[in-house]
Amino acid sequence: MLIIRSVKKEEQIQQLAELASQIWNEYFVEVLSKEQITYMVEKFQSVSAITEQIQEGYHYYFIINDMELIGYFGICKQKDGTMFLSKLYLTKEQRGRGYASQAFQFIREKALDQGCSSIWLTVNRHNQQAIAVYEHLGMQRIQEQVIDIGNGFVMDDFIYRFSL
């Protein structure tokens with residue numbers, strides 16, 4: 001049975017940062033350099049970054065199956081009435097088992113409860129596995145963007161949207 005639990009306490013944030021580092025370092029090695037992975041984990045998924053994001057209105061959730069922590073996601077309602085799906089990651093062993101679809105259903109319900117008109121996300125344009133999942137979920141590519149994130153690195157992304 002899949003359980004989704006909100007991340008709020010300092011200990012949970014530490015656990016989330018450790019899980020993020022594990023997943024990013026096992027997953028993104030085919031898409032990004034080791035240096036960029038290290039930089040991005042520190043900039044976006046460290047304890048301090050997650051804590052700051054929560055203070056800014058982001059909500060993080062653990063994905064748990066049979067008492068095992070198998071992934072996480074982060075969402076944030078935007079001022080324009082949309083829901084930003086900031087992160088959705090599963091451990092390597094748990095991918096392809098339908099957990100992303102279950103998590104997305106939870107996210108859809110949260111977005112609808114908050115009166116959002118759509119859910120949107122950014123995904124690295126070379127991340128074919130994630131793109132296939134998002135398209136399977138019914139999301140549509142609406143835009144491309146390249147954003148300088150500092151230290152000589154960029155995020156080269158597609159933007160996807162799911163209309164509610």
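Our subject is the structure that appears above.
Rules used throughout
Residues numbered from 1 in each chain as written. Predicted model: local features only at pLDDT ≥ 70, side-chain atom pairs only at ≥ 80, totals over all residues. Heavy atoms only, no water. Helix = DSSP H or I, 4+ residues; strand = E, 2+ residues; numbered from the N terminus. Buried < 20%, exposed > 50% of the residue type's maximum accessible area, 1.4 Å probe, protein only. Contact = heavy atoms within 4.5 Å. Salt bridge = Lys/Arg side-chain N within 4 Å of Asp/Glu carboxyl O. Pairing = 2+ DSSP bridges. Axes fitted to C-alpha atoms, helices over the stretch in contact; angles between N-to-C directions. Expected span 1.5 Å × (residues − 1). Core = buried A, V, L, I, M, F, W, Y, C linked by side-chain atoms within 4.5 Å.

With that settled, the discussion passes to the side chain of Ser 46. Counting through the fold element by element, Ser 46 comes out in the loop between helix H2 (34-45) and helix H3 (47-55). When its relative accessible area of 9% is taken as the criterion, Ser 46 is described as buried. Excluding residues within four positions of it along the chain, Ser 46 makes contact with Ala 17 and Val 41.

Phi at Met 67 is positive, roughly 70°, even though this residue is not glycine. Within the secondary structure layout, Met 67 lies in the loop between strand E2 (59-65) and strand E3 (68-77). In the Ramachandran plot, Asn 151 falls in the positive-phi region, its phi being about 60° despite a non-glycine side chain. In this fold, Asn 151 is placed in the loop between strand E6 (140-150) and strand E7 (153-163).

Here we come to the pattern of salt bridges. For side chains bearing opposite charge, pairing can occur when the charged atoms are close. The full count for this structure, using the stated rule, is 3 salt bridges. For Glu 26, the salt bridge is made with Arg 95, and the minimal N-O distance between the two is 3.0 Å. One end of the pair, Glu 26, is in helix H1 (residues 10-27); the other, Arg 95, is in the loop between strand E4 (83-90) and helix H4 (99-113), and 69 residues separate them in sequence. The exposure class assigned to Glu 26 is partly exposed, which follows from its relative accessible area of 23%.

Let's shift gears to the sheet that holds E4. Spatial ordering of the open sheet is given by E1-E2-E3-E4-E5-E7-E6, a layout of 7 strands whose pairing is mixed. Since the sheet does not close on itself, it has two edges, and those belong to strand E1 (2-7) and E6, each with one partner. On average, each strand axis in the sheet is tilted by 30° relative to the strand beside it, whichever way the strands run. Sheet topology places E3 next to E4; 7 bridges connect them, and they run antiparallel. Across the sheet, residue Cys 76 finds its bridge partner in E4, namely Phe 84.

The next point concerns H1. For H1, with 18 residues, the first-to-last C-alpha span of 26 Å sits near the 26 Å given by 1.5 Å per residue. If you check which residues of H1 are buried, you get Gln 12, Ile 13, Leu 16, Ala 17, Leu 19, Ala 20, Ile 23, Trp 24 and Tyr 27.

Residues Trp 24, Tyr 72, Phe 73, Leu 85 and Ile 119 are the most contacted members of the largest nonpolar core, which totals 53 residues. It is H1 that contributes the most residues to this core, 8 residues altogether. Setting aside residues no more than four positions away along its own chain, Phe 73 makes contact with Ile 4, His 59, Tyr 60, Tyr 61, Ile 63, Leu 85, Lys 87, Leu 88, Ala 103, Phe 106 and Ile 107.

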